[in-house]
Amino acid sequence: VLAMAVLAALLLWETYDLNQALRQVDHTDQVISSSGRILKLLVDMETGLRGFLITGNDAFLQPYREARQAFDSDFHELYSRVNDNPPQQRRLEAFRDTAVNWQRYAERMVALRRANDNFSESVANLEGKRQMDALRDQIAEFQQVEERLRQQRTAMAQERWRIIAGTCLVVVLGIGAFLGLHTREQMRLLASDFQKSLDEATARAKELAQSEQRWVTTLSSIGDAVMATDA
């Protein structure tokens, strides 16, 4: 029972350790997914802006406005997810600064388009393209770091699983060997005690037979006035 209790405690601890490793992998997956949503929002904003600049139709600004409205909340959610990783938070802060600059550029271009001013100026458009390319590069760098973290944490989880399997095998075999040897020793002791009891019973039966024989002789000869004594 004690051996089983030790095995259960060991398995419980190692299972908890494995669960923590798997949670780290899941956390990294969530971070990568959140960063993907951030990138999608930027693409939606860029697409809506381009459509509006080309056509002047406010309907094209709908995805731009919706994406911009969701951007802040999604960004803060992503930022809080990496609160255990300061370098990643600094990357997000730089990304946020670039995104704010691009949004200011977008608002300026919308205003120019509404005023039919020189909104198609190549310099202004190249500025927006440079900023958007920088945003893509920054989020790609962020995701690459998370991908490496995911690989490391996945390898760690797999290693912990191998440790659990190996530990269970060793402990189970050890407990089995211990119980086998213990049971064998107990059976040997039991057989020894049984043989001792059998020998004692045989000796007592022999003594009883001798006593009975003595008394039979005495009783059968009592009419001849024979006196019997022991040693």
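The following refers to the structure shown.

Basis of the calculations
- Residues numbered from 1 in each chain as written.
- Predicted model: local features only at pLDDT ≥ 70, side-chain atom pairs only at ≥ 80, totals over all residues.
- Heavy atoms only, no water.
- Helix = DSSP H or I, 4+ residues; strand = E, 2+ residues; numbered from the N terminus.
- Rg over C-alpha atoms; globule rule 2.2 N^0.38 Å.
- Contact = heavy atoms within 4.5 Å.
- Areas by Shrake-Rupley, 256 points an atom, 1.4 Å probe, with all protein chains shown as cover.
- Lys, Arg positive; Asp, Glu negative; His and termini not counted.
- Charge placed at Lys NZ, Arg CZ, Asp CG, Glu CD.
- Expected span 1.5 Å × (residues − 1).
- Bend = angle between axes of the 7 residues up to and from the residue.
- Buried < 20%, exposed > 50% of the residue type's maximum accessible area, 1.4 Å probe, protein only.
- Salt bridge = Lys/Arg side-chain N within 4 Å of Asp/Glu carboxyl O.
- Axes fitted to C-alpha atoms, helices over the stretch in contact; angles between N-to-C directions.
- Parallel < 35°, antiparallel > 145°, perpendicular 65-115°, else oblique.
- Left-handed = near helix turned anticlockwise from the far one by under 90°.
- Nonpolar A, V, L, I, M, F, W, Y, C, P; charged D, E, K, R; others polar.

Quick word on the overall build of the protein chain
Right, on to step 1. A count of helical and extended segments in the protein chain gives 4 helices and 0 strands.
Right, on to step 2. Reading the secondary structure of the protein chain in the N-to-C direction produces α-α-α-α.
Right, on to step 3. In summary, the protein chain has a C-alpha radius of gyration of 44 Å against a globular reference of 17 Å for 231 residues, an excess of more than 25%.
Right, on to step 4. Dimensions of the protein chain, computed from the C-alpha atoms along their principal axes, are close to 155 × 25 × 20 Å.
Right, on to step 5. Contacts spanning at least 24 positions in sequence make up 76% of the contacts within the protein chain whose residues lie at least 6 apart.
Right, on to step 6. Accessible surface, the protein chain: about 15400 Å² in total, of which carbon and sulfur atoms supply 59%.
Right, on to step 7. Across the protein chain, the centroid of the 28 positively charged side chains sits 6 Å from that of the 32 negatively charged ones.

Remarks on helix H2 (residues 61-81)
Right, on to step 1. Look at H2: 30 Å from first C-alpha to last across 21 residues, which is about the 30 Å you get at 1.5 Å a residue.
Right, on to step 2. If you look at H2, its biggest bend is around 35°, right at Phe71.
Right, on to step 3. Within the sequence span of H2, burial applies to Leu61, Tyr64, Ala67, Phe71, Asp74, Phe75 and Leu78.

A closer look at helix H1 (residues 2-55)
Owing to its 3.6 residues per turn, the α-helix aligns residues three or four sequence positions apart on the same side.
Right, on to step 1. The end-to-end C-alpha distance of H1 is 79 Å, a good match for the 80 Å that 54 residues give at a rise of 1.5 Å each.
Right, on to step 2. Looking one or two residues beyond H1, the residue adopting positive phi is Gly56, at roughly 75°.

A short note on the side chain of Arg153
Right, on to step 1. In this fold, Arg153 is placed in helix H4 (residues 122-220).
Right, on to step 2. Buried charge without a partner: Arg153 forms no salt bridge, and the closest opposite charge is Asp84, 4.2 Å away.

Some words on the packing of H1 against H2
Right, on to step 1. Close contact between H1 and H2 brings their axes to 8 Å; oriented N to C, the two are set at 155°. Looking at the two axes, H1 sits roughly antiparallel to H2. Crossing hand, H1 versus H2: left-handed.
Right, on to step 2. For the contact of H1 with H2, the residue count by class is 15 nonpolar, 5 polar and 6 charged.

A word on the pattern of salt bridges
Right, on to step 1. Evaluation of the coordinates by the stated rule reveals 14 salt bridges.
Right, on to step 2. Of the charged contacts in the structure, one is a salt bridge between Glu77 and Arg37, with a shortest N-O distance of 3.9 Å. Taken together, the positions of Glu77 in helix H2 and Arg37 in helix H1 put the pair 40 residues apart, joining distant regions of the chain.
Right, on to step 3. Judged by its relative accessible area of 32%, Glu77 is partly exposed.
Right, on to step 4. The salt bridge involving Glu46 is made with Arg50; its shortest N-O contact spans 2.9 Å. Of this pair, Glu46 and Arg50 both sit in helix H1, separated by 4 residues, roughly a single helical turn.
Right, on to step 5. Three or more residues are tied together by salt bridges with common partners; here these are Glu46, Arg50, Lys129, Asp133 and Arg136.

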